[in-house]
Amino acid sequence: MNNILTTFTRNDDAPGRAMAAMLTGSFANIMMDWYMVCVLNAGMLGAVLATGMSPIFGVAICLTRKRGYHIGKHRIFEEIPKISAAGFSAFIGEFSSTVVILIFNYLLLSLAGSTGVAAYGIIANVALVATAVLTGAAQGVQPLISIAFAEHDRRTLTKQTRRGVVTAVLLGALFTVGALLFPQQVTAVFSKGSAELTALAVPGLMLYFLNYLVSGVNLLLIARFAAAERSRDAAVLSLLRGVILVVPCAVVLANIFGLTGLWLAVPTAEVLSLLCGLYLLYREKKSEKTALQAV
C-alpha cells in the first residue's frame, strides 16, 4: 500500500509529499529498529515489527491530503492483464538482482573463495545506492512522459526523454568517477582493514561501476517505454539487461578473463542492452512516421 500510494501521490502532482512519505517511513524503520532491538532487546521479532509497522507512516502522509484520486467501483479483474503488462518490467528489475547475486556468488566461490563473495558484497551494497538514485531519476520523469504521451504531444515527449537521458548520464558519470577516484575510501567503510578483502574489492568496484555510464539510460528507456504504453518493449529491455545478457556475459567473461571478466560482465551487458534499447526507440519512431504518412 505504501508503494502504491506514493506512486499515485507522485503522479497526482504531489512529488514532494510522496518523497516525504518515503523518507518518513524509512526513518521510522531505522528508529524503530534501534528502539526494538537495542532498547527493548526484542531481537529478530523487534526488527520484524519495526519493518512491518514503518510503512504505516508513509501511508498516513499520502492519505492526509486533498487527493485527485479516490477508491471507487471498477472491474478490476478486467484491468489485471493491462496492469501486469505495465508492471512486468519493474518486476524483472527487482527479480533480476536476485539472479545476478546468485550467479556472481557461485562464480566468485570458484574464482576467489569466500573473500571474493565478501568483496562482491561490498560492491553490491554500494551499487544499491547508485541504482536507487538512477531508478528515482527514471521514475521522476515517468509522469512527465506519460502526460506528454496522453496529450499526443510528440515534441514534449522527445524533450522530456532527452532531459531524462542527460540527467541519467550525468548521475551515472558522477558515480563512475567517484568509484574510480575513491575506491579505497569506499571499500574501507566495509572492509575493516582487511588487506586481502580490499585487494579484491577495490579493482572490482572500479570495473563494476563502469556500468553506470549507461545503466541509467537503460532505466530511463524502460520507464519511457512503460509510460508510453509500450510495455512489451519495456519488458524486453528489462529482461535483456537483468537476466538474458548479464548471465551469459558473467559466465563467458569469467571463464575467459577470470575475476576481471566477472567484474566487467554487468558493464558489458548494460552496453549491449543500451544498443537494443536504442533500436527499440528507433523502431518506435519509424512505425509512428509510417503511420503518419499513411494518414
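What you see is a predicted model; the values in this text were computed from it and never measured. (Residues numbered from 1 in each chain as written. Predicted model: local features only at pLDDT ≥ 70, side-chain atom pairs only at ≥ 80, totals over all residues. Heavy atoms only, no water.)

1. Section: the pattern of salt bridges
Put simply, the rule is: Any Lys or Arg side-chain nitrogen located within 4 Å of an Asp or Glu carboxyl oxygen qualifies as a salt bridge. Put simply, DSSP marks the helices as runs of H or I at least four residues long and the strands as runs of E at least two long, and each gets a number from the N terminus on. Note on classification: 1.4 Å probe, protein chains only; a residue is buried when its accessible area is under 20% of the maximum for its type, exposed when over 50%, partly exposed between these limits.
Tallied over the full model, the rule gives 7 salt bridges. In this structure, Asp-233 and Arg-230 form a salt bridge, with 2.9 Å as the shortest nitrogen-oxygen distance. The partner of Glu-284 in a salt bridge is Arg-230, and the shortest N-O contact between them spans 3.4 Å. Taken as a pair, Glu-284 in helix H13 (residues 265-294) and Arg-230 in the loop between helix H9 (215-227) and helix H10 (231-244) lie far apart in primary sequence, 54 residues in all. Owing to a relative accessible area of 2%, Glu-284 belongs among the buried residues under this scheme. Of the residues examined, Arg-230 reaches a relative accessible area of 24% and is grouped as partly exposed.

2. Quick look at helix H7 (residues 183-191)
To keep it simple, the criterion reads: Our arc is simply the arc of the directions from the helix axis toward the C-beta atoms. Any two residues whose heavy atoms approach within 4.5 Å are treated as being in contact.
For H7, the complete set of buried residues consists of Pro-183, Thr-187 and Ser-191. The buried residues of H7 occupy an angular sector of 45° when projected down its axis, which confines them to one face. Packing partners of the buried residues in H7 comprise helix H5 (76-150), helix H6 (154-181) and helix H8 (195-208). Where H7 terminates, the next one or two residues include Lys-192, which has phi positive at roughly 55°.

3. Examining the nonpolar core
Heads up, the condition is: Only buried Ala, Val, Leu, Ile, Met, Phe, Trp, Tyr and Cys residues count toward a nonpolar core, and they belong to the same one when joined by side-chain atoms within 4.5 Å.
Formed by 30 residues in total, the largest nonpolar core has its most connected members in Phe-104, Tyr-120, Tyr-208, Phe-209 and Leu-262. Breaking this core down by element, the ones donating at least two residues are H5, H8, H9, helix H11 (246-257), helix H12 (259-263) and H13. The element best represented in this core is H5, accounting for 11 residues. Aside from chain neighbours lying at most four places away, what touches Phe-104 is Tyr-120, Tyr-208, Ala-250, Leu-262, Ala-265 and Val-266. Membership of the second largest hydrophobic core comes to 11 residues, among which are Ala-168, Leu-221, Ile-222 and Leu-237.

These figures capture arrangement, not role.
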